[in-house]
Each structure stands twice: as C-alpha cells, then as structure tokens.
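Summary of the model geometry
Spelled out from the first residue to the last, the chains are:
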Amino acid sequence: MRAVLMAGGEGTRLRPLTCDLPKPMVPILNRPIAEHIVNLLKQHQIHEIIATLYYLPDVMRDYFRDGSDFGVQMTYGIEEEQALGTAGCVKNISALLTDTFLVISGDCITDFDLTAALHFHHAHHSKATIVLARVPNPMEFGVVITDPQQRICRFLEKPSTSEVFSDTVNTGIYILEPEVLDYLPSDQPTDFSKDLFPLLLEKNEPMFGYVAEGYWCDVGSLDSYREAQYDALHGKVKLEFAYQERQPGLWIGQNAHIDSEAKLCPPLLIGDNCRIGSRVNIESGTVIGDNVTIGSDADLKRPIIWNGALVGEESHLRACAIARGARVDRRAHVLEGAVVGALSTVGEEAQVSPGVRVWPSKNIEPGATLNINLIWGSTAPRNLFGQRGVAGLANVDITPEFAVKLGAAYASTLKPGSQVTISRDQRSISRMVSRSLISGIMSVGIDVQNLEATALPIARCVPRNTSVIGGVHVRIHPDRTDFILIEFFDAQGINISKTKEKKIEGAYFKEDFRRAAISEIGGITYPTGLLDDYAQIFEKWLNTSVVRQGNFKVVIDYVYAVSGAILPRLLSKFGCDAVVLNASLRAKGPTPEQREELLIQLGLVVEALKANFGVQVSANGEQLVLVDETGSPIQGEQLTALMVEIILITHPRGAVVVPVNTSSAVEQIARRHDATVIRTKANPTALMETCRTNPNVVLGGSADTGFIFPQLHPGFDAMFSIAKLIEMLTLQQKSLGQLKADLPRIFHRKQTVRCPWNRKGALMRYLVENHPSSSLELIDGVKVKDPGSDNWTLILPDAGEPLVHIFANGCDREWVDASLQDYRQQIQEFTELDVNLDHNLDKP
C-alpha cells in the first residue's frame, strides 16, 4: 500500500521558523515532523511513500533522498508552477495511485492507529474515509457530522463560532480509492474539503468518518508547535526519540557534556555534542538541539532550542523558540511566546518581549528592548475580525500604528491601482484612525476617496455608483462607547465575506505587504455632491407625493452623535415638519442608561408637540428606535414585527429577511399577507447578502441591526426607514399605536450562560445528538423547534466572548420560561461535568 505525504506547505503562521524550510521539516524533538510521520507509516506496514512538494522542495529531498536510510521507499511529486491545493497535488500523481491509498498531512503529530482506520475503510466499502478527532476548539478545523453508521452527512470548513455544530474535526488524514480522483480536473488547484468531498456527498458516493483514538495535533501555529513538544516529552503522544533515555524523562545525545553543577528537571531533551555550563538551570519541557552551547548560570524554562544555537551566560529563556544558529548573548531575556529566527543575534542584556517574532539574520543591539516584530508592526491578536468588522478599545487596541498596518493588509489583497472609499463618524478618534488607515492603504498603491464624516448609509451607496471596488468605515461601536469599529465593504456596499476577512488577516499576520514605489503611491481625492447623489436615490424609491399628503410632524433625536443633516432637509422638502433634538456632538457617546433617559424625554416631546411619532437614530445612521403618538417606545422584537407588518400590508406576497433569533411574530404576520420569511445567520453580512441575492425581498434586518430596503441599497438605513414609515402610514391611514395594537402576542426571551471556548463545539454536538433531526434547524447555532407550533428554543454561541445565548420563543409565557430554565440547566450541567472530568483527568 502507498501513502501520500502532503509536504508542500509554507507554514506562514509558523514564521519566522519556516522562512528557510517547509513546515514538514520543522523539528519536533530534534526530528522533522515529516520523519515522525514516516515512522508512523512504517509502524503500520506502509513503506511506499510519495511526498508532494511545492515550497522549498530541495530541503525535504536532500534530507530523505530515496528513503532507504529511514526504512522506506520515497518518491516525490513536485508542483512546479503553482500550488495545486491539497487535492490537486494528489491528482497530479494519480498515475502512481492504482489501489487504495492513504493521504496524510505533513504538518501533524499523531499516533493514531492507521491499521484500524484501514480496516474500517474496507469493512464499510468506503470510497473515501476521513480520519476524525475530537478537539476542544474546532473553529480552526473542518467540522464533520456523521450519522449513526458513521457515514458523513455534513461538514463545514473552519466555521465561525456560531457555526460550530460538533467538536469532531477533519485531521487531514484520508483513505481513498483511486477512482475518486476522477472527479477532479487536472493541473488545477483543488482542495479535498472545499471541492472533492462536497462533490462526493452530492454524488452520494459512500464516504465515512472514522473517529480515531489517540493523540493528534495540527502544528499550524507557534503555540501548537510548542505544545506538541511538551506533550511528547510528557508521554501524551507515542514518538520515537533520537537519543538514549539516561533516566526516566531525561533523553541525552552522544558526546554531550553537562557540568556537574547544572540542575536538570525532567522531562527534557538534550541533543548530541551539547555543552551545558555550570549552575545552568534547565526546567521540564525544555528541548535542546544538537551542537548547542549553554553558558553558565543560564536559566531555561521550557524553551525550544534548535541545532547550533548559542545561549550566553546568565541569559533567561522562557517558553520561546530559538531557531537554527541563533545567538542569545549574556544576560539577554527571550520571553514567553517569542521567536528568534535562524542566524539572528540577541545582544547582551537585550530583551525580546512576549510574543515578539524576530526574522532570520537580524541583529538586536545590546541593551535594547524589542516590543514589536523586528520588520513591521507589533504582534496582533489571533483573529482581527469579529461578528461585524474589526473592533477594539479606542487608542488601546485600535491605535494609529495598528490602523496603518491594517490598511496595508487590506490594500495588499486588492489589485494595484484600485480605488476605495474611506468614511467615518464625526468623532475625533475616528478621524485619527481613518487617517492612519489611509496612510497604510496608499503605501500599497491603492487610491483613496476620502468621504470624511459621512453617515454609513450614504457611504455604502458610493461604491455602487462609482468605480471604487470597496470601502472602509470607522465609527464608535454601536454597543460599546469606548470601542472603535472598523467595517469593510465590497463594491456593492455589503460587508465583505468571511473569505475576504481571512485574506486580510493572513496579510496582516504574515506582514507580507506589497510596498509601492514612490511613483506608484496611491492618491487621495475628496468627492463632492455625496448628499445630492444620495438624495436622488432616496427620492427615486420613495413615493414623495404620498409623503407630502401626510403632513407629518416627526421628532428626531440624534443622541448627541449627528448622522448628517440630510434627513431633516429631505423631509422638509416633502412637506414634513422635522423637529431635531440633541444634534450637537459630544466627545463621548451616551451610555445605554443615558440613551434610555433620552428615549423617555423623546416620548414627552412627541406627546407635547402632538407629533405623529418620534425616532431615536443611532449607529451613525443605521439603527433606530420609534416612539408612537402617545410617547410609548417601540423597540426590540416589537419594532421588528411592526416594520414587517407595515411593509407587508403594502407589499403582500413579498419576502422579508430576518436573523435566526428574531421572534416568530414575523411568521405570523407573513401568513396574514401570504408572504415569505427568510431567516439568516445572526450577523449583518448574512442579512445584507441574502437581501441582495433574493429579488422578492421587500425588507430585511431587525431592530438590533437596522432595516434594509434592497431597492435603495443593501445596507441598513434608518433615514430611509423613517421616510418609508411616513409613506406607509399615510397610505394605510393608521397611527403607529393602532398598528402596534394589531401585532401578534409572542413571548420572546433571552438569557446568557457562560461557556468556555473549548466547550462550545462539544456543547453543540451534544445538542444535535440529543434531539431528533426533524426538530432541528442549524442556520446559526442550534434551534430546537416544537412540532406543530411556532415555539422554539435557540442556543447560539457568542462570536466574541466565552458565552452562549439562549433564546426562547412561543405563544405561552410559561412554556417560554420553562424552556429557558431547562436549557440553561442543561448547558450549565454539561459545562460543569466537562470541567470536573478535566480536573479528574489532571490528577495523578
């Protein structure tokens, strides 16, 4: 039997360790990862191995040659012109694969029983078997769901938090029959998870998942690289050591000299020809390569030190990685999570701060403190994007230097010479951040149209009506007044996709920015006439003659965050009396409590002026809260239901788009008007994209996000919502209070429960497995429906916090309360049980 070892990866998240060697050749216990995989294959009687190579192919070929020194037969398939992807590289060597074969990723450490997996494959007459593992945090991997017979019925590649339906993931180990490769085109980049496996599911080919027992680690990051070393030393994974075990947990190579005063705390590993000075302290978890010298009085706490490194006297290394031939001079400190690249030097008494990466062949001067990566910028959080764009504490997380780097990363994903817009709210902090973004974007050779302070609905209209290919908007976060939110949208004005977000994150973390020549630096322009252009579109989709007939009086509260003066001007043009409150700008936006006080004041003003209604506008023109003619607020689920009712009265048999967590009142209203309800994931991008792609949609969104009128533009627009509301109320000859009284009576409650990050996937799998599939809806999170009614309970993981949200919806208050209590108890018991199990497993 033959195995295909996929060894073409660059290992960008492991840089700078992989600047001069491919990821499969990164050492674990002083042996390349690929050698540990070869040993595993050999243990299971697989001796014919074909390695697919792309990045620095000669490194691996020179090491293994024909494989005879390792007890196997090695051949190589090289992707010459372009990377062909996980499946494309295997298709490239299909002529060599005439019988059942195994594919294994070259960047994993595992001791799985491959023989048992092969038996499973043949026993189930499978065409493709995916070896699966259960992991605490499945978001970085492809999640797989199987039926009771282990046949694969669903999988999702690298899901977001709310999309995690299981903690069973794809390990990158496959057993395949050669005919499945016939589904793939030749000489084209293709992927197993994105291309081949979905196609096999569609063709109903027998594809099974084998849940393997044992250890598995995807060495895809610097953290997982260190953890794999520590796990191997502690015996959590069965690997072959290259050195003799001199005493329990102490592996020492040949010709190593260790001073008698050195203190060694197993488990640890010291390679061949090492020199360990007097009074050196080496704590458990340390791995020292071949030909390494450690000066006297050095203190080593779990570092990974590669071959040929030099560590000076009294130096301190803390859970870091020191690459080949690097030098750490006397009294230098390299702290937790830091990486020193090959042939670099850390000068005497210098410090490399936690998490900082130093690229190969760099020099840190004596006495210097390095708090940023040596080439560009500071180390960034693991994921830039959250539920809606990039958010962080103003001038703490979102700083000018961060924004410059983010702008360059975004622009690096665009074609040179492209044009984008930059807009912002009227806060000073937003002006500062937007200017920094502009600098980064221009440095990559992208032109900028600076819209300056512009309401977000207006900014979204610009890309659709000009040659720009996207835009960026900076504002105070709608839910956190101390946070900045940076949103990116495409040429249609829709928030960019998750795929695009991942590309920006990749450019940001790799710091692989395209730098433009002086003559190619991007330009900056300041467009005029934006308000007039928006007003034209606004009037096109509004029945202005009807609005004029209404003679409405409306009170608009801007809550001290002006969204632009265009709305009062437009309403005045259409014969409406617009009374504006709190239009002055304050340095900091109101808190939720202050906003509630302003809402009460708005109600009093509406009642006193005998206005038709009042509206509180927020989120830089995206969101609103209504106040009816009696001064009573209309918000939350009631506001969503009211907007759906008002629009469907005039547009029967239309479609409305709402998030998955919106109350079932919308379905009851839709049935009144023979209309359709489309539910989406609970994020703005999904709402906007669905509204754009469904031509029958007449309204989208919710009170939490704002409302979309797709004919106008695909974004949320409180200004147009107000004008459309006047039009509809005039046509229907009813007040808000009258319409509110006719809404269905639905009980909709929400509770939030803490759930550790590493338990979310297991919790979702538990919920899926413990309910009949006929009662489940897996649009976002896990929704459990009550058959024959509109009652349901939704368990939705939070995208940014270790929390789970429980929504209960029904016509009966007691049912809703009981459902909330029941699922809250289930979730708490599940997470507490898992915590107790982990605690017991940690005990000796």
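To start, this report covers the structure provided alongside it.

Thresholds applied
Chains are numbered independently. Their residues run from 1 in the order of the written sequence. With the structure being a predicted model, the display of local features is reserved for residues of pLDDT at least 70 and the display and counting of side-chain atom pairs for 80 or more, all residues being used for whole-chain, interface and lining totals. As a convention, hydrogens and water are excluded, and side-chain values are obtained from all of the structure's heavy atoms. Only DSSP runs of H or I with at least four residues qualify as helices, and only runs of E with at least two residues qualify as strands; both kinds are numbered from the N terminus onward. For the radius of gyration, the atoms used are the C-alpha atoms, and the globule rule reads 2.2 Å times the number of residues raised to 0.38. Burial classification: accessible surface area is computed with a 1.4 Å probe over protein chains only, and a residue below 20% of its type maximum counts as buried, one above 50% as exposed, and the rest as partly exposed. What makes two residues a contact is simply this: any of their non-hydrogen atoms within 4.5 Å. To be clear on the numbers: accessible area is Shrake-Rupley with a 1.4 Å probe, and residue cover counts the displayed protein chains and nothing else. Counting rule for charge: Lys and Arg are taken as positive, Asp and Glu as negative, and neither His nor the chain ends is counted. Lysine's charge is taken at NZ, arginine's at CZ, aspartate's at CG and glutamate's at CD. N or O atoms within 3.5 Å of each other form a polar contact, as long as, within protein, one can give a hydrogen and the other can take it, and as long as residues adjacent in sequence are counted only when both atoms are side-chain atoms. When DSSP locates at least two bridges between a pair of strands, those strands are taken to pair. The span one expects for a helix is its residue count, reduced by one, times 1.5 Å. Salt-bridge detection follows one rule: a side-chain nitrogen of Lys or Arg within 4 Å of a carboxyl oxygen of Asp or Glu. Each nonpolar core is a collection of buried residues, namely Ala, Val, Leu, Ile, Met, Phe, Trp, Tyr and Cys, held together in the definition by side-chain atoms within 4.5 Å.

1. What to know about the overall build of the protein
For the protein, the helix and strand inventory stands at 21 helices and 56 strands. Taken over C-alpha atoms, the radius of gyration comes to 30 Å for the protein, in line with the 28 Å a tight globule of 844 residues would show. Its C-alpha atoms put the protein at 95 × 65 × 50 Å along the principal axes. Residues counted as buried form 57% of the 844 residues belonging to the protein. Long-range contacts, defined here as pairs at least 24 residues apart, represent 60% of the contacts in the protein between residues at least 6 apart. About 34200 Å² of surface is accessible on the protein, with carbon and sulfur atoms providing 47% of the total. Of note, the protein has its 81 positive side-chain charges centred 4 Å away from the centre of its 100 negative side-chain charges.

2. Structural notes on the environment of Lys42
Tracing the sequence through the fold places Lys42 in helix 1 (residues 33-43). Distance from Lys42 to Val4, taken between C-alpha atoms, is 13 Å for residues 38 residues apart in sequence. For Lys42, the contacting residues outside a window of four places in its chain are His47, Phe70, Gly71 and Val72. There is a polar contact of 2.9 Å between the side chain of Lys42 and the backbone oxygen of Phe70.

3. Considering the pairing of strand 8 (residues 128-134)
With respect to burial, strand 8 is a largely interior element, 6 of its 7 residues being buried. Both strand 8 and strand 11 (residues 168-176) contribute to a ladder of 7 bridges, which runs antiparallel. Within the sheet, the bridge partner assigned to Ala133 lies in strand 11 and is Val169. Relative to strand 12 (residues 207-211), strand 8 runs parallel, the two sharing 5 bridges.

4. A few points about helix 17 (residues 684-693)
A large share of helix 17 lies buried, amounting to 7 of its 10 residues. The distance from a side-chain oxygen at the start of helix 17 to the backbone nitrogen of Thr685 is 3.2 Å, and the residue carrying that oxygen is Asn683.

5. Topic: helix 7 (residues 400-412)
Taking 1.5 Å of rise per residue, 13 residues should cover 18 Å, and helix 7 covers 18 Å from first to last C-alpha, within 8% of that figure. Most of helix 7 is tucked away: 10 of the 13 residues are buried. Those residues of helix 7 that fall on the buried side of the exposure criterion are Phe402, Ala403, Lys405, Leu406, Gly407, Ala408, Ala409, Tyr410, Ala411 and Ser412.

6. Details of the sheet that holds strand 18 (residues 268-270)
Strand order across the open sheet formed by 8 strands is 14-15-18-21-24-27-30-33, with mixed pairing between neighbours. Every other strand in the sheet has two partners, leaving strand 14 (244-247) and strand 33 (357-358) as the edge strands with one partner each. Two strands pair when backbone bridges link them, and strand 27 (residues 321-322) and strand 30 (residues 339-340) are joined in this way by 2 bridges, in the parallel orientation. In the strand pairing of strand 30, Ile322 is matched with Val340.

7. Digging into the pattern of salt bridges
Inspection of the entire model under this criterion finds 40 salt bridges. The salt bridge partner of Glu348 is Arg330, with a shortest N-O separation of 3.4 Å. Remark: Arg330 occurs in the loop between strand 28 (327-328) and strand 29 (333-334) and Glu348 occurs in the loop between strand 31 (345-346) and strand 32 (351-352); sequence separation between them is 18 residues. Arg388 serves as the salt-bridge partner of Glu622, at 3.3 Å between the closest nitrogen and oxygen. With Glu622 in the loop between strand 45 (613-618) and strand 46 (623-627) and Arg388 in the loop between strand 36 (385-386) and strand 37 (389-393), this residue pair connects regions lying 234 residues apart in the sequence. Each member of the pair Glu622 and Arg388 is classed as buried. Because the salt bridges share partners, they merge into one network encompassing Glu313, Glu314, Arg330, Arg331, Glu348 and Glu349.

8. Focus on the nonpolar core
Counting 67 residues, the largest nonpolar core has Leu41, Met60 and Tyr225 as its most contacted members. If near-sequence neighbours (up to four positions away) are discounted, Tyr225 is found in contact with Leu14, Leu17, Val26, Pro27, Ile28, Val219, Ile304 and Trp306.

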